[in-house]
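For reference, the chains in residue letters:
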Amino acid sequence: MGGAAMAGSEEGLYSRQLYVLGGGARRLAGARVLVSGLRGTGAQVAAALVLAGTGRVVLHDRGTACTTDRAQQFLLGESDVGQNRAEVSQRVLAELNPRVVVAAHTGELSEAFLASFQVVVLTESPLEEQLRIGDFCHDRGICFIVADTKGLAGQLFCDFGKRFVVDEPAEGDPVCAVVQDISQGNPGVVTYMGTEDSRGNLFCDGDLVTFSGVEGMTELNDREPIPVRVLDAFKLEIGDTSSFSPYRRGGLVSQVWLPQEHSYEPLRQALVDPKIQVMNPKELPRSCSLHAAFQALHAFREERGHLPRPRVSVDAERVLELARSLGAQQGPLDEDVVRAFASVSAGDLCPMAAVLGAMAAQEVLKAITGKFLPLDQWLYFDALECLELEGAERLTEEDCAPRGSRYDGQIAVFGADFQEQLGHQKYFVVGAGAIGCELLKNFAMMGLAAGPGGDLTVTDMDTVALSNLHRQLLYRTADISKPKSVVAAAAVRRMNPSVRVMAHQNQVGPATELLYGDDFFRHLDGVASALDTLEARAYLESRCFRCHTPLLDSGTEGPRGNVLPMVPSLTEPLRPGDMSRDGTFPLCTLRYFPRTIQHTLQWARDEFEGLFQLPAEHVNRFMEDPAFLDQLPAGLEALEVLEQVQGSLRERPRDWQDCLLWARRRWQSCYHDNIAQLLHNCPPEHETSPGVPFWSGDKSCPHPLTFDPDNDTHLDYILAAAHLFAQAHKVPPCSDRAAVQAILRNVVLPPFMPQDELRIPLTEEQEEAQAPVDSGRLAELTQDLVQRRQELVGGEEVQVPLMEPIHFEKDDNIHVDFITAASNLRAENYGIPPADWLTSKRIAGRIMPAIITTTAAVAGLACLEIYKLVWGCRDLSCYRNSHLWLSDCRLLRTHPLPPPVYQVVSEPGGCWGAKAAGAAADLRVRGRRS
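Calculation criteria
- Residues numbered from 1 in each chain as written.
- Predicted model: local features only at pLDDT ≥ 70, side-chain atom pairs only at ≥ 80, totals over all residues.
- Heavy atoms only, no water.
- Helix = DSSP H or I, 4+ residues; strand = E, 2+ residues; numbered from the N terminus.
- Rg over C-alpha atoms; globule rule 2.2 N^0.38 Å.
- Buried < 20%, exposed > 50% of the residue type's maximum accessible area, 1.4 Å probe, protein only.
- Contact = heavy atoms within 4.5 Å.
- Lys, Arg positive; Asp, Glu negative; His and termini not counted.
- Charge placed at Lys NZ, Arg CZ, Asp CG, Glu CD.
- Core = buried A, V, L, I, M, F, W, Y, C linked by side-chain atoms within 4.5 Å.
- Disulfide = S-S within 2.5 Å.
- Pairing = 2+ DSSP bridges.
- Axes fitted to C-alpha atoms, helices over the stretch in contact; angles between N-to-C directions.
- Salt bridge = Lys/Arg side-chain N within 4 Å of Asp/Glu carboxyl O.
- Phe/Tyr/Trp six-rings, centres within 6.5 Å; stacked < 30°, edge-to-face > 60°.
- Polar contact = N/O pair within 3.5 Å; in protein donor to acceptor, adjacent residues only side chain to side chain.
- Parallel < 35°, antiparallel > 145°, perpendicular 65-115°, else oblique.
- Left-handed = near helix turned anticlockwise from the far one by under 90°.
- Nonpolar A, V, L, I, M, F, W, Y, C, P; charged D, E, K, R; others polar.
- pLDDT = per-residue confidence, 0-100.
- Expected span 1.5 Å × (residues − 1).

**A short note on the overall build of the protein**
Phase 1 of the analysis: A count of helices and strands for the protein gives 30 helices and 28 strands.
Phase 2 of the analysis: In terms of C-alpha radius of gyration, the protein reaches 32 Å, essentially the compact-globule figure of 30 Å for 930 residues.
Phase 3 of the analysis: Within the protein, buried positions represent 56% of all 930 residues.
Phase 4 of the analysis: For the protein, long-range pairs separated by at least 24 residues make up 74% of all intrachain contacts whose partners lie at least 6 apart in sequence.
Phase 5 of the analysis: Averaging the coordinates of the 87 positive side-chain charges in the protein and doing the same for the 122 negative ones gives two points 4 Å apart.

**Regarding the nonpolar core**
Phase 1 of the analysis: Membership of the largest hydrophobic core comes to 175 residues, with the highest contact counts inside it found for Val120, Leu156 and Phe443.
Phase 2 of the analysis: Among residues more than four places away in sequence, those in contact with Val120 are Leu34, Leu114, Ile133, Cys137, Ile142, Cys143, Phe144 and Ile145.
Phase 3 of the analysis: Counting 71 residues, the second-largest nonpolar core is a separate cluster that includes Phe628, Leu649, Phe694 and Ala721.

**Notes on the state of the cysteines**
Phase 1 of the analysis: As enumerated under the stated definition, the model contains zero disulfides in all.
Phase 2 of the analysis: For Cys137, which is in no disulfide, the shortest distance to another cysteine sulfur is to Cys143 and amounts to 8.9 Å.
Phase 3 of the analysis: You can call Cys137 buried: its relative accessible area is 0%.

**What about the sheet that holds strand β3 (residues 101-105)?**
Across a sheet, strands are paired by hydrogen bonds formed along the backbone, either parallel or antiparallel in direction.
Phase 1 of the analysis: Taken together, seven strands build an open sheet; the order of strands is β3-β2-β1-β4-β5-β6-β16 and the sheet is mixed. Each having just a single partner strand, β3 and β16 (378-382) make up the two edges of the open sheet. Pairwise comparison of adjacent strand axes, ignoring direction, gives a mean angle of 15 degrees for this sheet.

**Observations regarding the pairing of strand β14 (residues 252-256)**
Phase 1 of the analysis: A large share of β14 lies buried, amounting to four of its five residues.
Phase 2 of the analysis: As paired strands, strand β10 (residues 208-212) and β14 are joined by five bridges and run antiparallel to one another. Directly across from Leu208, in β14, lies its bridge partner Val256.

**Remarks on the pairing of strand β26 (residues 890-894)**
Phase 1 of the analysis: Where burial is concerned, the two faces of β26 differ: the one with Leu891 and Arg893 is buried and the one with Arg890, Leu892 and Thr894 is not.
Phase 2 of the analysis: Here strand β25 (residues 881-885) hands over to β26 after four residues, with Cys889 in that stretch at a positive phi of 55 degrees.

**Regarding the pattern of salt bridges**
Phase 1 of the analysis: Across all of its chains, the model carries 51 salt bridges by this definition.
Phase 2 of the analysis: Between Asp336 and Arg339 there is a salt bridge, with its nearest N and O atoms 3.3 Å apart. Of this pair, Asp336 and Arg339 both sit in helix α10 (residues 335-343), separated by three residues, roughly a single helical turn.
Phase 3 of the analysis: Residues Arg893 and Glu385 are paired through a salt bridge, measuring 2.8 Å at the closest nitrogen-oxygen approach. One end of the pair, Arg893, is in strand β26; the other, Glu385, is in the loop between β16 and α12 (408-414), with 508 residues separating them in the sequence.

**Regarding the sheet that holds strand β18 (residues 455-459)**
Phase 1 of the analysis: Taken in spatial order, the eight strands of this open sheet run β19-β18-β17-β20-β21-β22-β25-β26, and their pairing is mixed. A single partner strand is all that each edge strand has here, and the edge strands are β19 (501-504) and β26. When strand polarity is set aside, the average angle formed by the axes of neighbouring strands in this sheet is 10 degrees.
Phase 2 of the analysis: Against the sheet, helix α17 (residues 534-547) engages β17 (426-430), β20 (526-529), β21 (551-557) and β22 (560-566), with an angle of about 170 degrees to β21.

**A closer look at the packing of aromatic side chains**
Each aromatic ring pair is characterised by the separation of its centres together with the angle its planes make.
Phase 1 of the analysis: Counted according to the given criterion, the structure contains 36 aromatic pairs.
Phase 2 of the analysis: Here the aromatic rings of Phe414 and Trp871 are separated by 6.5 Å at their centres, their planes lie at 55 degrees, and the arrangement is tilted. With Phe414 in helix α12 and Trp871 in helix α29 (residues 852-871), the pair connects residues that are 457 residues apart, well separated along the chain.
Phase 3 of the analysis: Given the relative accessible area of 22%, Trp871 is considered partly exposed.
Phase 4 of the analysis: Taken together, the aromatic side chains of Trp603, Phe608, Phe612, Trp662, Trp667, Tyr671, Phe707, Tyr717, Phe725, Phe808 and Phe818 make up a single cluster linked through ring pairs.

**Overview of the environment of Arg874**
Phase 1 of the analysis: Within the secondary structure layout, Arg874 lies in the loop between α29 and β25.
Phase 2 of the analysis: Sequence separation between Arg874 and Leu252 is 622 residues, and the spatial gap between their C-alpha atoms is 55 Å.
Phase 3 of the analysis: Those residues within four positions of Arg874 in sequence are excluded, and the remaining contacts are Val567, Pro568, Ser569 and Leu570.
Phase 4 of the analysis: Here Pro568 takes part through its backbone oxygen, which lies 3.1 Å from a polar atom of the side chain of Arg874.

**Here we look at the packing of helix α23 (residues 712-728) against helix α27 (residues 813-829)**
Phase 1 of the analysis: One can describe the packing of α23 onto α27 by two numbers: an axis separation of 8 Å at closest approach and a directional angle of 135 degrees. Between α23 and α27, the crossing angle belongs to the class labelled oblique. Our pair here, α23 against α27, has a crossing hand that is left-handed. Here α23 contributes Thr713, His714, Asp716, Tyr717, Ala720, Ala721, His723 and Leu724 to the contact with α27, which in turn contributes Ile814, His815, Asp817, Phe818, Ala821, Ala822, Asn824, Leu825 and Glu828.
Phase 2 of the analysis: For the contact of α23 with α27, the residue count by class is nine nonpolar, five polar and three charged.

**Brief notes about α10**
Phase 1 of the analysis: All buried positions along α10 are accounted for by Val337, Val338, Phe341, Ala342 and Ser343.
Phase 2 of the analysis: Two to three positions downstream of the cap, the backbone nitrogen of Asp336 sits 3.3 Å from a side-chain oxygen, assigning the N-cap of α10 to Asp334.

**Observations regarding unusual backbone geometry**
Phase 1 of the analysis: In this model, Asn186 is joined to Pro187 through a cis peptide bond whose omega is 5 degrees.
Phase 2 of the analysis: Within the fold, Pro187 resides in the loop between β8 (176-182) and β9 (189-193).
Phase 3 of the analysis: The peptide bond linking Asp376 to Gln377 adopts the cis configuration, its omega dihedral lying at -15 degrees.
Phase 4 of the analysis: One non-glycine residue, Arg311, adopts positive backbone phi at about 65 degrees.
Phase 5 of the analysis: Its location among the elements puts Arg311 in the loop between α8 (284-304) and α9 (313-327).
Phase 6 of the analysis: Judged by relative accessible area, which is 18%, Arg311 ranks as buried.

**What about the packing of helix α11 (residues 350-369) against helix α14 (residues 434-446)?**
Phase 1 of the analysis: Where α11 meets α14, the axes come as close as 9 Å, and the angle between the chain directions of the two elements is 140 degrees. On α14, the residues that touch Cys350, Pro351 and Ala354 of α11 are Lys441, Asn442, Met445 and Met446.
Phase 2 of the analysis: Broken down by class, the residue content of the contact of α11 with α14 amounts to five nonpolar, one polar and one charged.

**As for the confidence of the model for the protein**
Phase 1 of the analysis: Mean pLDDT over the protein works out to 89, with 91% of the residues at or above the 70 mark.
Phase 2 of the analysis: Across residues 914-930, confidence stays below pLDDT 50; counting only partners more than four residues off in sequence or on other chains, it has 46 contacts.

**Section: α23**
Phase 1 of the analysis: When the terminal C-alpha atoms of α23 are compared, their 24 Å separation across 17 residues agrees well with the 24 Å that a helix rising 1.5 Å per residue should span.
Phase 2 of the analysis: Judged by how many residues are buried, α23 sits mostly within the fold: 13 of 17 residues are covered.
Phase 3 of the analysis: At the N-terminal end of α23, a side-chain oxygen is found 2.9 Å from the backbone nitrogen of Thr713, two or three residues along, and the residue is Asn711.
Phase 4 of the analysis: Downstream of α23 by a residue or two, Lys730 has a phi angle that is positive, lying close to 60 degrees.

**Here we look at the side chain of Ser700**
Phase 1 of the analysis: By secondary structure assignment, the location of Ser700 is in the loop between β24 (692-693) and α23.
Phase 2 of the analysis: For Ser700, a relative accessible area of 12% puts it in the buried group.
Phase 3 of the analysis: Filtering out sequence-adjacent residues up to four positions away, Ser700 remains in contact with Val178, Trp695 and Tyr830.

Following this line, the structure appears as structure tokens:
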């Protein structure tokens, strides 16, 4: 079946998400999820699930929306105040993704009602209700999640039942490597080749692997998965191979993921005997203290009927007393942490809701898809370092008291003066894609640039596309093809009419430095980078470094993300990402010795360009510019271009059947004749020297294919190639597979005859060494083409331009059909496992896997750092670099490094100083960031 038939609108919409969640993502459409509590955290969970395409999402909340909800609940408008939160949220979320059924429930959460759900998520729920529903869900095998944020801290809990099966525990795809050698012994040792972009070990101790295509030691092929032990970056220890046949050559070693069964304790037991996930054992006491603090907060609310009042010490001390009684059971209590937590627990912060809500939504997706390991079982996250900002300790109850403002939840943490300062900010958001949308949503909730003198500028060159809709919150179907920045700015104004936002449609780069010059950057309070290429991010970092402008740099790749603050004179400048790995491979590898599907896909990309783009461009220039032949560079390149032009003119098809015949001949040339010629030059038993086989190590011996019109991949190639050839020559195509098969059955091609004198370059040196140009052949070609042009120009039927160059587009199904079939056929030549249509599209199109949960969490983490920048913090210990892995629910936050200090002209100076700025640029090292 052709890829175009497989890639309907659903996969077009969710393709980037499919690359993260794998095949399990298709289960989302049949899932039923309950989200209870529709304030900030619940809204973030629900929005992420709706964008992700969850089949049915039911919203539950018995409360009415109030003004203060609007500092974190981004689904509410001003006119929604006084209405039920679930009902008003349902209306907005139903528009967000029409493919998802979104319903509201305002009644009790009875057992009969709960029984129909696959996953239940509770936010803003009292402990008694959590325990009751947790017991029910555990007994019924319903996945149960609690997500809650209070002020600057949050908790996340998962109970996925007694027997939860994880189908794919890890990120990405199972790895595969080319075998170089396998020893006979007990244990046997496998030596394999890494890929061009692999760093470190491909495998881990305990991984299960299978073997295929091994010659000699064939006993390993198609056996049950074997556990391995890693010896070094290129060697694995397997079981006893002493009785096996000697290894000859070839073969692949492939990692295998088997389903894993996990068991979880119910909430009632997990409260008393908690399993808390931490990145570092040193973090466990702090998390245990927060575990006690959240329980104490429930007890305080039950006792007093309200949360502790902001900055009221007597309330915080009472929470501490309640926590002491719990903490004694679970280890030492960090009383400063509990006291700080309680003092701002009445606060509501959009960034905290974004982080915890996104992490909770990812756990829901794990429950539905079976992709990635669920949280086991508690996670605590806090940003209490914000209370250590200079002057924050002097905030009083009066400073943080409610004002009747939408920002009262934020004022409860940082005070009214800080809220006013937020409104004065001038910020520049570069990029209105997935991260940019989440940042802008958060800024609207926070009130950034919502006061006198405030200014928020967002720029993005792109327009809204279908594939954006599953992860870019501010866009709807009606916005497709509209400028992203304009649509995003309008959405910000709807969320908060006070925000002074301006939309630009410019790239930020050397070409726009007259618009975004030094004066522009120096007048900003900060820049938020939401760019999706390392080159663009590096340029923006260099401009902020030059102008001493604070920068928040955010990046994601699938379930991974990071946030790096750059504060002038306080943190080290950000290091540019590693842009050296651009997907290029040695030409010799692509032409004759591919080892991986990446090699065959790149070969297919080159084929596409060489068949459907370059010939058409050269023919058009030849026809339109009489000086074209004179402008060609001397040497082999001129000869290749002229032969390409001559071939294109000779092969001009008259109709669709001519296109099919051309595609059939191309298939024969690529997958049979060229391979047969290579084996004629270097037979399977060929030796580079006595006893050293040529086809070994990184060279896999290929085999030619025989065309079969009943083979789907063969037919996919013919149809796609013929369609593109017809398009390039402006011939109407046809897509009738049965008719094409009938034509192909009657095609007879001449038998292949190997050429003894044909030279095949087998090394990079031979590939680069140019053979002398046949000047006679060059003159003959030139004369023939001049005559041919005169004949065409004199004819009445000629159209200018004569051909249509086709540039590869990853979102064109026919293009991807060709790439997939061309690559998989070549992979079959060389015994390489094929890639499916979506994987081929991702690799060939260089598509970055993306999912709404990661972008929302990263944007929340970035906004926590913006609080510190707006406060004017000059204490390095308050800032955090954040690194997120949602695949296993891990968050690492570390202190940024201080700037290096140099001795310049006998004077000490930091790298932010004017004298050392040039030196610093040279000293920054390259390192990959997600």
